[in-house]
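So you can see what is in the structure, the chains are spelled out below.
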Amino acid sequence: MSSRADADELTEQPRVPLSRRRVLRAAVRLADRDGLESLTMRRLAQEVGVEAMSLYHHVANKEAVLDGVVEVVLDEIMTAVEETEAPPPERDWRAALRARILAARDVLLRHRWAPQLLGTRSTMNPVVIAYYDQVVGLLRAGGLSFDLAHRALHVLGSRALGFAQELFQPGEAQAADDPALMEQMAGRFPHLAGMLADAAHDDPDGTLGFCDDQFEFEFALDLILEGLERRRAAGR
């Protein structure tokens, strides 16, 4: 009897103490799996295996949880960009900035709800400020004036952090797959219908349901970087 009890005690896993970090990591995991709308205090408590009231020892309320998960994602971004292999900006500022932005984007693609949440925060997170400060430092090291670096931030906007506001969301436009709808569109919206009919994209996860949104993101990013380099070279 005693030996069996001892064996059960040895196989029992130690309980991980609840902490703010553990709560926030669980919140990110929940949002990744079930979407941002699933992130309630009740669901979060279930995720970590405690009563909801226990959460309030570590996070004040749901808004504090949302602020916290933003911190978690931003910390992931900062780690990713620090580990990115890129040339020094003095040698190739465009390649250095491009690698940084795409590293940040890789993080956000793992947390597709994060861009939506970032846009709802009422105050600028210090990590975001630090990120953009480093972007300006990189631009300056590449030879851009403060004035051009300032304009670059406006042109890049959220794209500097790895995401962009798209015209449509996945599932909102499937016209290219519906011949009858395409025929109706051709009469009312001939230019869009022509563009859709000519589209050669086939990514089912793309922004328009058929576009490769990673390709489109990089295409736009490269256009911006090329334009900034022309301005820098011209001394504007």
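Bear in mind the structure is a predicted one, so any value in this text is a computation, not a measurement.

Our next topic: empty space enclosed by the protein. Applying the stated criterion to the full structure yields 1 cavity of 30 Å³ or more. One number sums up the size of the largest cavity: a volume of about 40 Å³. In terms of lining, the largest cavity is formed by Val70, Val73, Leu74, Trp113, Ala114, Leu117 and Leu118. When residues of the lining of the largest cavity are traced back to their parent elements, those giving at least two are helix 5 (62-83) and helix 7 (114-118). In terms of residue class, the lining of the largest cavity is built from 7 nonpolar, no polar and no charged.

Inspection of the secondary structure assignment puts alanine 64 in helix 5. When its relative accessible area of 23% is taken as the criterion, alanine 64 is described as partly exposed. Expressed as a C-alpha distance, the spacing of alanine 64 and leucine 24, which sit 40 residues apart in the sequence, is 9.7 Å.

Take the packing of aromatic side chains next. Here the structure, examined in full by the defined rule, presents 2 aromatic pairs. Between tyrosine 131 and tyrosine 132 the ring centres are 5.8 Å apart and the planes differ by 80°, which places this aromatic pair in the edge-to-face class. Here tyrosine 131 and tyrosine 132 have matching classes, each one buried. Where phenylalanine 215 meets phenylalanine 219, the ring centres are 6.2 Å apart and the plane angle is 20°; that geometry is what we call stacked. Placement of the pair is phenylalanine 215 and phenylalanine 219 together in helix 12 (residues 213-233), with a separation of 4 residues, close to one helical turn. The class of phenylalanine 215 is partly exposed, set by a relative accessible area of 47%. The positively charged end of arginine 100 is found above the aromatic ring belonging to tyrosine 131, 4.5 Å away from the centroid. Just above the ring of phenylalanine 217 sits the side chain of arginine 105; from NZ or CZ to the centre is 4.2 Å.

It is worth spelling out the UniProt feature "DNA-binding region" (unreviewed entry) in the protein at this point. UniProt annotation of "DNA-binding region" (unreviewed entry) refers to residues 40-59 when read in the numbering used here. End-to-end, the C-alpha atoms of residues 40-59 are 12 Å apart, and along that stretch the chain is 60% helix and 0% strand.

Counted at 1.5 Å a residue, the expected span for helix 6 (residues 89-110) with its 22 residues is 32 Å, but the 27 Å between its end C-alpha atoms falls short. Along helix 6, the sharpest kink reaches roughly 50°, centred on alanine 95. Where helix 6 is concerned, the buried positions are Trp93, Ala96, Leu97, Ala99, Arg100, Ile101, Leu102, Ala103, Ala104, Arg105, Val107 and Leu108. Considering only its buried residues, helix 6 is in contact with helix 5, helix 7, helix 8 (126-141), helix 9 (146-156) and helix 12.

So, about the nonpolar core. Among the nonpolar cores identified, the biggest contains 61 residues, and Leu55, Ile77, Leu97, Trp113 and Tyr131 are the most heavily contacted of them. Looking at which domains feed residues into this core, each of domain 1 (17-59) and domain 2 (72-167 + 207-235) supplies at least three. Here isoleucine 77 is in contact with Ala104, Val107, Leu108, Tyr131 and Leu161, once residues within four sequence places are set aside.

Glancing now at the packing of helix 2 (residues 20-34) against helix 3 (residues 41-48). In contact at an axis separation of 9 Å, helix 2 and helix 3 are set at 110° when each is read in the N-to-C sense. Classed by the angle they form, the pair helix 2 and helix 3 counts as roughly perpendicular. For the pair helix 2 and helix 3, the contacting residues are Arg22, Val23, Ala26, Ala27, Arg29, Leu30, Arg33 and Asp34 in the first and Arg43, Leu44, Glu47 and Val48 in the second.

Calculation notes
Residues numbered from 1 in each chain as written. Predicted model: local features only at pLDDT ≥ 70, side-chain atom pairs only at ≥ 80, totals over all residues. Heavy atoms only, no water. 1 Å grid on protein atoms, 1.4 Å probe; cavity = no way out; pocket = protein on both sides within 12 Å on 5 of 7 lines; lining within 4 Å. Points joined across faces, edges and corners; volume = space filled by probe spheres on them. Helix = DSSP H or I, 4+ residues; strand = E, 2+ residues; numbered from the N terminus. Nonpolar A, V, L, I, M, F, W, Y, C, P; charged D, E, K, R; others polar. Buried < 20%, exposed > 50% of the residue type's maximum accessible area, 1.4 Å probe, protein only. Phe/Tyr/Trp six-rings, centres within 6.5 Å; stacked < 30°, edge-to-face > 60°. Lys NZ or Arg CZ within 6 Å of the ring centre and 35° of its normal. UniProt positions renumbered as here; feature names shortened; annotations may be inferred. Expected span 1.5 Å × (residues − 1). Bend = angle between axes of the 7 residues up to and from the residue. Contact = heavy atoms within 4.5 Å. Core = buried A, V, L, I, M, F, W, Y, C linked by side-chain atoms within 4.5 Å. Domains from an automatic or database assignment. Axes fitted to C-alpha atoms, helices over the stretch in contact; angles between N-to-C directions. Parallel < 35°, antiparallel > 145°, perpendicular 65-115°, else oblique.

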